[in-house]
Amino acid sequence: AFIIFGSYSRTDYKKDPVDRIQETMEDIGETIFLTTLTSSTAFALGCISSIPAVRYLVMYGFPTIMIDFLFQITFFVALIVLDERRIQANHCDCLCCCTGTTEEHEGRSGEIGSPPKHFADNI
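On a predicted model such as this, the values are computed, not experimentally measured, just so you know.

1. Structural notes on the packing of aromatic side chains
- Applying the stated criterion across every chain yields a total of three aromatic pairs.
- Taking 6.1 Å as the distance between ring centres and 55° as the angle between the ring planes, the aromatic pair formed by Phe33 and Phe69 counts as tilted. With Phe33 in helix H2 (residues 17-45) and Phe69 in helix H3 (residues 52-88), this residue pair connects regions lying 36 residues apart in the sequence.
- The class for Phe69 is buried, based on a relative accessible area of 12%.
- Taking the ring centre of Tyr8 as reference, the NZ or CZ of Arg20 above it sits at 4.0 Å.
- Its end group placed over the ring of Tyr56, Arg55 keeps NZ or CZ at 5.9 Å from the ring centre.

What follows is the structure, given as structure tokens:
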């Protein structure tokens, strides 16, 4: 999640969120896949251990790593796109049905303690 979001935040925020997430996954997708593959292989090989505690641990860890990988490449990236669309539509975090006006945000953009217009402005 940190690698995906870090790469996503380095993309041009003026682009469409779907194009940005596509660029992100092209950039780091192979790395995430290979890391998951090696970790899951190590856990799968641990299933042949004669030590019961190790065997039980890896029998739990192997499917957990695979499920986490599937959630990261499907559900998490979809949530990033939805959140970016919420930000572009000027909706609030918790009360996403409420919107702010552009004038409110433009007037506060230079004050101390005011949030940036976009989260990528901090980077």
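2. Overview of the pattern of salt bridges
- In this structure the tally under the stated criterion is three salt bridges.
- Among the ionic pairs, Lys15 bridges to Glu23, the shortest N-O distance being 2.7 Å.
- Using a relative accessible area of 35% as the deciding quantity, one classes Lys15 as partly exposed.
- Here Glu84 and Arg20 are joined by a salt bridge, their closest N and O atoms 3.4 Å apart.

3. Let's talk about H3
- In this model H3 runs 52 Å from its N-terminal to its C-terminal C-alpha over 37 residues, within 8% of the 54 Å that 1.5 Å per residue would give.
- Largest kink in H3: about 40°, centred on Gln72.
- The complete set of buried residues in H3 reads Val58, Gly61, Phe69, Gln72, Val77, Ile80, Val81, Glu84 and Arg86.
- For H3, the elements touching its buried residues are helix H1 (2-9) and H2.
- After H3 finishes, the residue Asn90 shows a positive phi value of roughly 65°.

Calculation rules
Residues numbered from 1 in each chain as written. Predicted model: local features only at pLDDT ≥ 70, side-chain atom pairs only at ≥ 80, totals over all residues. Heavy atoms only, no water. Phe/Tyr/Trp six-rings, centres within 6.5 Å; stacked < 30°, edge-to-face > 60°. Helix = DSSP H or I, 4+ residues; strand = E, 2+ residues; numbered from the N terminus. Buried < 20%, exposed > 50% of the residue type's maximum accessible area, 1.4 Å probe, protein only. Lys NZ or Arg CZ within 6 Å of the ring centre and 35° of its normal. Salt bridge = Lys/Arg side-chain N within 4 Å of Asp/Glu carboxyl O. Expected span 1.5 Å × (residues − 1). Bend = angle between axes of the 7 residues up to and from the residue. Contact = heavy atoms within 4.5 Å.

No statement about biological role is implied by the geometric values presented.
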